[in-house]
Amino acid sequence: MKALPVRAGTAFFLLLPVILLCFSLAGCSLERAGGRKDRTEVTWETVEEADVPEDMKKEIEKQKEKPFQITWGDGEWLYIGQGYGSQPTEGYQIEVEGLWESGDFLCVDTRLDGPEAGTEPEEKESYPWLVIRTGWTEKTVVFE
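Residues numbered from 1 in each chain as written. Predicted model: local features only at pLDDT ≥ 70, side-chain atom pairs only at ≥ 80, totals over all residues. Heavy atoms only, no water.

Topic: empty space enclosed by the protein
Thought 1: Enumeration according to the criterion identifies one cavity of 30 Å³ or more in this entry.
Thought 2: The computed volume of the largest cavity comes to approximately 30 Å³.
Thought 3: Forming the walls of the largest cavity are Ile80, Gly81, Gln82, Val96, Val108, Thr110, Leu130 and Ile132.
Thought 4: Among the elements of the structure, β4 (77-84), β6 (105-113) and β7 (129-135) are those that each provide at least two residues to the lining of the largest cavity. (1 Å grid on protein atoms, 1.4 Å probe; cavity = no way out; pocket = protein on both sides within 12 Å on 5 of 7 lines; lining within 4 Å. Points joined across faces, edges and corners; volume = space filled by probe spheres on them. Helix = DSSP H or I, 4+ residues; strand = E, 2+ residues; numbered from the N terminus.)

Structure below.
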């Protein structure tokens, strides 16, 4: 099979989406390092499982065994979910480090905390996940 030559202009347009993706993903990270000044904190609230929209809850149930990130919106609220997959015991908690806007992006940073020291969590597989809610926006959500 004969290879087709790739022109410089064609190569640029093929690589352009990759380059833009790299810059967009770096946007929130640069800001955390203090490199950007356009960070605006966003108010949010934790959503109890009973109040998670049914469609979103079904999708979380399908994906919960592996780490996931999910968003769902209804035009009034934006729901942002993060799951950390299968864990060997109970007692894990997810902490929201922050939610902020930066340019065209809504950045969310969470962390998984293990069972508290000195406790003996039940040796039962768990699937920690969390959903937060904020006002509706069409900004792209970036998970840190």
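Let's talk about the environment of Arg133
Thought 1: Mapped onto the elements, Arg133 comes out in strand β7.
Thought 2: As for Arg133 and Gly81, which are separated by 52 residues in sequence, their C-alpha atoms are 8.8 Å apart.
Thought 3: Aside from chain neighbours lying at most four places away, what touches Arg133 is Thr43, Trp44, Glu45, Val47, Trp77, Leu78 and Tyr79.
Thought 4: There is a polar contact of 2.2 Å between the side chain of Arg133 and the side chain of Glu45. (Contact = heavy atoms within 4.5 Å. Polar contact = N/O pair within 3.5 Å; in protein donor to acceptor, adjacent residues only side chain to side chain.)

Notes on the sheet that holds strand β5 (residues 93-102)
Thought 1: With mixed pairing, four strands are arranged side by side in an open sheet as β1-β5-β6-β8. A single partner strand is all that each edge strand has here, and the edge strands are β1 (39-41) and β8 (140-143). Across the sheet, the mean angle from the axis of one strand to that of its neighbour is 30 degrees, orientation sign disregarded.
Thought 2: Pairing of β6 with β8, which is carried by four bridges, proceeds in the parallel orientation. In the sheet register, Cys107 faces β8, and the bridge partner there is Val142. (Pairing = 2+ DSSP bridges. Axes fitted to C-alpha atoms, helices over the stretch in contact; angles between N-to-C directions.)

What about the sheet that holds β7?
Strands pair in a sheet through their backbones, by hydrogen bonds, and they do so in one of two ways: parallel or antiparallel.
Thought 1: Taken in spatial order, the four strands make up an open sheet running β2-β7-β4-β3, and their pairing is antiparallel. Across the chains shown, the open sheet's two edge strands, defined by having one partner strand only, are β2 (45-46) and β3 (67-73).
Thought 2: Of the strand pairs in this sheet, β4 and β7 are connected by seven bridges, and their pairing is antiparallel. Its bridge partner being in β7, Ile80 is matched across the sheet by Ile132.
Thought 3: Sheet strands in contact with helix α2 (residues 54-63) are β3, β4 and β7, and its direction is about 170 degrees off that of β3.

So, the packing of aromatic side chains
Thought 1: Under the criterion given, the structure shown has one aromatic pair.
Thought 2: On the basis of an interplanar angle of 55 degrees and a centroid distance of 5.6 Å, the ring pair of Trp72 and Tyr79 is categorised as tilted.
Thought 3: Its relative accessible area of 27% is what places Trp72 among the partly exposed residues.
Thought 4: The ring of Trp100 has Arg39 sitting right over it, with the charged end atom 3.9 Å from the ring centre.
Thought 5: In this arrangement the basic side chain of Arg133 is found over the ring face of Trp77, its NZ or CZ atom lying 3.9 Å from the centre. (Phe/Tyr/Trp six-rings, centres within 6.5 Å; stacked < 30°, edge-to-face > 60°. Buried < 20%, exposed > 50% of the residue type's maximum accessible area, 1.4 Å probe, protein only. Lys NZ or Arg CZ within 6 Å of the ring centre and 35° of its normal.)

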